[in-house]
Amino acid sequence: MSESKIFKQPTHQCISLTGVKFEISHAKEFFNPNTARLSPPHIHNCIEIFLNISSDASFFVDNCLYPLQYGDIVVSMPNQIHVCLFNKSYTHEHFCLWVDFGEAQDGLEALFSKLTQHLFRFENEKQTKIIELFYKLESLSSEKDNDLQKTACFLEILSLFEVISFEEEQTSQIPDILQKILNDIHMNFSEIHHINQLTDKYFVSNATLGRWFRKYLHTSPREYLESKKLAHAVKLLDGGATVTEACINSGFPCCSHFIVLFKKKFGETPLKYKKRKEVNI
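Just so you know, these numbers come straight off a predicted model, no measurement behind them.

**Student:** Explain the packing of helix 5 (residues 176-188) against helix 8 (residues 221-238) to me, please; I cannot follow it from the model alone.
**Tutor:** Packed helices, taken two at a time, are described by the angle their axes make and the gap between the axes. In the contact formed by helix 5 and helix 8, the axes pass within 10 Å of each other and the chain directions differ by 30°. The angle between helix 5 and helix 8 falls in the class roughly parallel. Handedness of the crossing formed by helix 5 with helix 8: right-handed. Listed contacts from helix 8 to L182, I185 and H186 of helix 5 are Y224, L225 and K228. A breakdown of the residues in the contact of helix 5 with helix 8 according to their chemical character gives 4 nonpolar, 1 polar and 1 charged.

**Student:** Whenever I open this one, unusual backbone geometry confuses me. Can you help?
**Tutor:** Trans peptide bonds make up the majority, and among non-glycine residues the majority have a negative phi. Even without being glycine, D62 reaches a positive phi, approximately 50°. In this fold, D62 is placed in the loop between strand 4 (57-61) and strand 5 (64-68). By relative accessible area, D62 is classed as partly exposed at 30%. Positive phi, close to 55°, is recorded for F203, a residue that is not glycine. Structurally, the position occupied by F203 is in the loop between helix 6 (196-202) and helix 7 (206-216).

**Student:** Any chance you could explain the sheet that holds strand 7 (residues 82-86) here in plain terms?
**Tutor:** Two strands in a sheet stick together by hydrogen bonds in their backbones, pointing the same way (parallel) or opposite ways (antiparallel). Reading across from one edge, 5-4-7 is the order of the 3 strands in this open sheet, with antiparallel pairing throughout. Here the strands that pair on one side only, and so sit at the sheet edges, are strand 5 and strand 7. Adjacent strand axes in the sheet meet at a mean angle of 20° when their direction is disregarded.

**Student:** Can you walk me through the packing of helix 5 against helix 7 in this structure?
**Tutor:** As a packed pair, helix 5 and helix 7 sit with axes 11 Å apart at the nearest point and diverge in direction by 90°. With respect to helix 7, the element helix 5 is oriented roughly perpendicular. On helix 7, the residues that touch I177, L178, I181, L182 and I185 of helix 5 are L209, W212, F213 and Y216. Class assignment of the residues belonging to the contact of helix 5 with helix 7 gives a composition of 9 nonpolar, no polar and no charged.

**Student:** Sorry if this is basic, but what is going on with the packing of aromatic side chains here?
**Tutor:** By convention here, two paired aromatic rings are described through the distance between centres and the angle between planes. For the coordinates displayed, the defined rule picks out 11 aromatic pairs. Relative to F154, the ring of F22 has its centre 4.7 Å away and its plane inclined at 10°; by these criteria the two rings are stacked. Of this pair, F22 sits in strand 2 (residues 21-31) while F154 sits in helix 4 (residues 147-159); the two residues are 132 residues apart in sequence, bridging distant segments of the chain. With respect to class, F22 is no different from F154; both count as buried. Arranged with centres 5.8 Å apart and planes meeting at 70°, the rings of F258 and F262 form a pair that is edge-to-face.

**Student:** Looking at this model, I keep getting lost on helix 10 (residues 255-266). Mind explaining?
**Tutor:** For an α-helix the count is 3.6 residues per turn, leaving residues at separations of three or four pointing the same way. Between its first and last C-alpha atoms helix 10 spans 16 Å; for 12 residues at 1.5 Å apiece the expected length is 16 Å, and the two agree. Within helix 10, the full set of buried residues consists of F258, L261, F262 and K265. One side of helix 10 carries all its buried residues, which in axial view fall inside an arc of 100°. Exposed and facing more than 90 degrees away from the buried side of helix 10 are V260 and K264. Positive backbone phi, approximately 80°, marks G267, located one or two places after helix 10.

How each quantity is defined
- Residues numbered from 1 in each chain as written.
- Predicted model: local features only at pLDDT ≥ 70, side-chain atom pairs only at ≥ 80, totals over all residues.
- Heavy atoms only, no water.
- Axes fitted to C-alpha atoms, helices over the stretch in contact; angles between N-to-C directions.
- Helix = DSSP H or I, 4+ residues; strand = E, 2+ residues; numbered from the N terminus.
- Parallel < 35°, antiparallel > 145°, perpendicular 65-115°, else oblique.
- Left-handed = near helix turned anticlockwise from the far one by under 90°.
- Contact = heavy atoms within 4.5 Å.
- Nonpolar A, V, L, I, M, F, W, Y, C, P; charged D, E, K, R; others polar.
- Buried < 20%, exposed > 50% of the residue type's maximum accessible area, 1.4 Å probe, protein only.
- Pairing = 2+ DSSP bridges.
- Phe/Tyr/Trp six-rings, centres within 6.5 Å; stacked < 30°, edge-to-face > 60°.
- Expected span 1.5 Å × (residues − 1).
- Arc of directions from axis to C-beta.

Spelled out as structure tokens, the structure:
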């Protein structure tokens, strides 16, 4: 799968909410966890609402790995590294709803940005309702000239979200020392310039650390660290930082290397990204 398909950009323009865009995807495919992943850990510049229909899957977001049950929803905010991990050979089914609130960001995005949780587990009646709405939105999105119905269905999905009081269960699959390393990267990514800084600090070999990342996160330590730095660089660019400022403050020692990595990940240079965002404001 190409980068352009992995890093989704919402395409459907709602007519009732100025500037708001969304796109829904429904996948039901056989996955083998021992083969190369179709979608490695990645980030979007929009909100992702992931609905799990199948069983035996986990979801990694914001430095934590959560086991999923049928009907669970995981919300990833813009520029948070996330990925769904399928734990066994199985026909897995899920929905992804990507939302860019555009001009309505200050109002509607606050619905999610104020949440203190990523994982949502609904009671039976609400769970059935929200699954039905995702199927309905998928059906409506394949039709033309029904923007009002799409918008109504989209808003009904949003209306079902509220802060649900339950303990977010983190899976014990990740070894304690790997979780400590992930926490360290999360807090200090801009100061970590080489993976050896982590292997030396936690007394693990490069081979062991690489094996852990491939097994539990389906990526390499270097790629994960680079993704954390790039995600922060995007936030800085969105906030008005120059390309040089974003590079240095995200922990990249070389601007040319930063530009190459940014273009590879997002399909455009950081300067073009910055100019495009400024035009759209």
